[in-house]
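Remarks on the overall topology
Here are the chains, one letter per residue:
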Amino acid sequence: MTEHAPGAGLADWIQAISQLLLLLIFIALFMGLNQRIQIYMWSRDIRAKLVVLQGMAEEARKKTLDYMVANGAKNPESLLSRILDFFVIMPVDIEPVDIIKRLDHLINVRRRRFKEEFEMALPDADLVARSKAETAAEIAGALNLIYKIVRHLLITGEKTRNWILIMQLQLLMPMIMKIADTYRKALNDFLKGVPIGDAAGPIVALRLAGPGARWERVDDETVAAEVDFEGRRLVLVKAEGPMSTVGKPGAATEKVVKKLIEEGRRPGLMITVDAALKLEGEETGSIAEGVGAAIGDIGPEKIRFERIAAEHGIPLRAVIVKMSMEEAILAMNKKIFQGVEKAVERVKDIIRKETRPGDTVVVIGVGNTAGVGQ
Amino acid sequence: MPVSPASLEWLQGLLFIVMVVLTLILVLRHMAEARGMQRQVGERKFYTVVECSGGEEGAKRVTREYREGDYVGKLVEGDCGGQPGYIVGIYAEEPEKPKSKGFLP
């Protein structure tokens, strides 16, 4: 009779079950179990970040509402609900004839709509407070849109078991979170009313004008002033501050140049100054110059600079202050402030080198002029 | 020399501890990231740069803390010892962040 060691039967069973489990896992792996586990982990990670995004969107909405209520808003919730989902349908581009005119028209309608809505909602608030509320609503809208798009992609990926979509979304999430976080911080800075990085252009124009300049409105939310500089006449154009607006620099410059030509003073030079996105590794606040219209517009304003300069043969120069996208919409930092100083000197150098005393020069400070008056 | 299973028990224990520690680190890291996202801004300090009208020594600049209502281009009084001043810049400064000491943020 064979004698078994005590516990040997249990060990055999454990070994047999382990082997069976291994076999089952091996088969499950062939049937895509690993992918499902991976998708589950990615989805969980996206879902956790989606909660943070939702929190950011709700926080932005609440801050905007609080600001509007503090400024005597009438029925702000109803206005904000409509504004958050407001959209602009881009014009037909397979027929490019007059596309700029059509796009300009749509942008103007949108701008007017927003302005009128906020005028009605905040009848007792001043222009600066209204512009802050408008910008805050736009930021809240952007955060809401980011949240909704991420949610849409996640649900679509899960419904259709599209692991490539979920994988792509998961890989993009750190970047999306960074953009959302930047918007969240930007909302505080806009409500505080301090200049943002993008205000570099308007500050350069203001610095060239100096404290004694007489500014006049030349277009919607856009002003111009004329001053002397080493025997030249400088015409400076910027958005009207300290409201949060970019104005209509292209349309205003077109009017200014046409008026100068009517007066027999054809400008000898046009210089646009704007904040520009730096490449990673480049120094914030560094300056570069070039040729063309420095403006981050989608078309209608930029083309006006190019058209008016080309039509009258005016050299069109550009000076940019480099910064990251985050720095452009957050409160101006010291490096950008120092960059503005350098840009002022660079513009003066260009004017000295490329024009003669008696010439007229148009300098346009492009960008959001929140916290920058005149 | 044959290795008995009993002599490797310490290795199993060690592996278990390593697994638990790694899992804890990853969970803490994830939580710290989420907390970082929700952290409120407000630690930044804002400064206003005022250019004083030239006296005998010429134009000079004074940097002071930002005050509600300041904007670039605003004419101000009281920052230049009786002379009128003009705000030429407003900027924010981040406080220095403590350096990360390793794996945890």
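If you're wondering where the values come from, they're calculated on a predicted model, not measured in any experiment. Counting of residues starts from 1 at the beginning of each chain's written sequence and follows it residue by residue. All chains are assigned letters beginning with A, and all ligands numbers beginning with 1, in the order in which they are written. pLDDT decides what is reported in this predicted model: residues at 70 or higher carry local features, side-chain atom pairs at 80 or more are listed and counted, and totals for whole chains, interfaces and linings draw on all residues regardless. Calculation of side-chain values draws on the structure's entire complement of heavy atoms; hydrogens and water are dropped beforehand.

Let us now look at helix 4 (residues 99-121) of chain A. Strands here mean DSSP runs of E at least two residues long; helices mean DSSP runs of H or I at least four residues long; both are numbered from the N terminus. Expected helix span is computed as 1.5 Å times (number of residues minus one). Compared with an ideal rise of 1.5 Å per residue, which puts 23 residues at 33 Å, helix 4 of chain A spans 33 Å between its outermost C-alpha atoms and is within 8% of the ideal. With a 1.4 Å probe rolled over the protein chains alone, any residue whose accessible area is under 20% of its type maximum counts as buried; one over 50% counts as exposed, and the rest are partly exposed. Of all the residues in helix 4 of chain A, the buried ones are Leu103, Asp104, Arg111, Phe114, Glu117, Phe118 and Ala121 of chain A.

This part covers the packing of aromatic side chains. All names here are of chain A. Aromatic pairing here means that ring centres of Phe, Tyr or Trp (its six-membered ring) are within 6.5 Å. Orientation follows from the plane angle: under 30 degrees is stacked, over 60 is edge-to-face, and everything else is tilted. Counted by the stated rule, this structure contains six aromatic pairs over all chains. A centroid spacing of 6.4 Å and a plane angle of 35° characterise the contact between phenylalanine 114 and phenylalanine 118, whose relative ring orientation is tilted. Of this pair, phenylalanine 114 and phenylalanine 118 both sit in helix 4, four residues apart, which is roughly one turn of that helix. Residue classification places phenylalanine 114 among the buried positions, given a relative accessible area of 2%. These aromatic residues form a ring-pair network of at least three members: Phe86, Phe114 and Phe118. Charge-over-ring contacts are defined here by two conditions on Lys NZ or Arg CZ: a distance within 6 Å of the ring centre and an angle within 35 degrees of the ring normal. The ring of phenylalanine 114 has arginine 110 lying over it, and the distance from NZ or CZ to the ring centre is 4.0 Å. Note that lysine 238 overlies the ring of tryptophan 215, its terminal NZ or CZ placed 5.9 Å from the centroid.

This brings us to the state of the cysteines. Residue and element names in this part refer to chain B. Cysteine sulfurs are considered disulfide-paired once they come within 2.5 Å of each other. Enumeration according to the criterion identifies one disulfide over all chains in this entry. Across a sulfur-sulfur distance of 2.1 Å, cysteine 52 and cysteine 80 are joined as a disulfide pair. Residues cysteine 52 and cysteine 80 are joined through a disulfide that is left-handed, its torsion about the S-S bond being -80°. Of the two residues, cysteine 52 is situated in strand 1 (residues 45-55) and cysteine 80 in strand 3 (residues 75-80); the sequence distance between them amounts to 28 residues. Classification of cysteine 52 by relative accessible area gives buried; the value is 3%.

The subject of this paragraph is the interface of chain B and chain A. Taken residue by residue, the interface counts 24 residues in chain B and 32 residues in chain A. Whenever Lys or Arg places a side-chain nitrogen within 4 Å of a carboxyl oxygen from Asp or Glu, that contact is recorded as a salt bridge. Viewed at the interface, chain A and chain B are joined by two salt bridges. Aspartate 189 of chain A is paired through a salt bridge with arginine 44 of chain B; the nearest N and O atoms lie 2.7 Å apart. Only helix 1 (9-38), strand 1 and strand 4 (83-93) of chain B provide two or more residues apiece to the side of chain B that touches chain A. No other element matches the seven residues that strand 4 of chain B contributes to the side of chain B that touches chain A. Under this grouping Gly is polar, as are all residues other than the nonpolar Ala, Val, Leu, Ile, Met, Phe, Trp, Tyr, Cys and Pro and the charged Asp, Glu, Lys and Arg. Taken together, the residues that form the side of chain B that touches chain A break down as 13 nonpolar, five polar and six charged. Two residues form a contact once any of their heavy atoms are found within 4.5 Å.

The next thing to look at is unusual backbone geometry. Residues and elements named next belong to chain A. Cis geometry is adopted by the peptide bond preceding proline 242, which originates at glycine 241 and carries an omega value of 0°. With respect to the helices, strands and loops of the structure, proline 242 is situated in the loop between strand 3 (232-239) and helix 8 (249-262). Here the phi dihedral of arginine 161 falls at roughly 50°; this positive angle occurs in a residue that is not glycine. Inspection of the secondary structure puts arginine 161 in the loop between helix 5 (127-159) and helix 6 (163-192). Looking at arginine 161, the relative accessible area reads 60%, which means it is exposed.

What follows deals with the environment of alanine 370 of chain A. All names here are of chain A. Structurally, the position occupied by alanine 370 is in the segment after strand 7 (360-365). Spatially, the C-alpha atoms of alanine 370 and isoleucine 196 are 7.0 Å apart, while their sequence positions differ by 174 residues. Beyond its immediate sequence surroundings of up to four residues, alanine 370 is in contact with Phe190, Val194, Pro195, Ile196, Pro242, Met243 and Ser244.

Here we take up the pattern of salt bridges. All names here are of chain A. Overall, the coordinates contain 45 salt bridges over all chains when judged by the stated rule. A salt bridge links lysine 49 to aspartate 45, with the shortest nitrogen-to-oxygen separation between them at 3.2 Å. Taken together, the residues span about one helical turn, with lysine 49 and aspartate 45 both in helix 2 (residues 33-70) at a distance of four residues. Across this residue pair, the class does not change: lysine 49 and aspartate 45 are buried. The salt bridge partner of arginine 111 is aspartate 220, with a shortest N-O separation of 3.8 Å.

Turning to the nonpolar core, a few remarks are in order. All names here are of chain A. For our purposes a nonpolar core is just a set of buried Ala, Val, Leu, Ile, Met, Phe, Trp, Tyr and Cys residues, chained together by side-chain atoms within 4.5 Å. Core analysis: the largest hydrophobic core is formed by 53 residues, its most contacted members being Ile271 and Val347. Looking at this core, the element that brings in the most residues is helix 11 (residues 334-354), giving eight residues. Counting 46 residues, the second largest nonpolar core, distinct from the first, contains Leu53, Leu79, Ala186 and Leu187.

Before going further, it helps to spend a moment on the environment of aspartate 359 of chain A. All names here are of chain A. Here aspartate 359 shows up in the loop between helix 11 and strand 7. Distance in space between the C-alpha atoms of aspartate 359 and glycine 212 is 21 Å, their sequence separation being 147 residues. Setting aside residues up to four positions removed in sequence, aspartate 359 forms contacts with Arg232 and Arg233. A distance of 2.9 Å separates a polar atom in the side chain of aspartate 359 from the backbone nitrogen of arginine 356. In protein, a polar contact means a hydrogen-donor-capable atom and an acceptor-capable atom, both N or O and within 3.5 Å, with residues adjacent in sequence counting only if both atoms are side-chain atoms; elsewhere, any N or O pair within 3.5 Å suffices.

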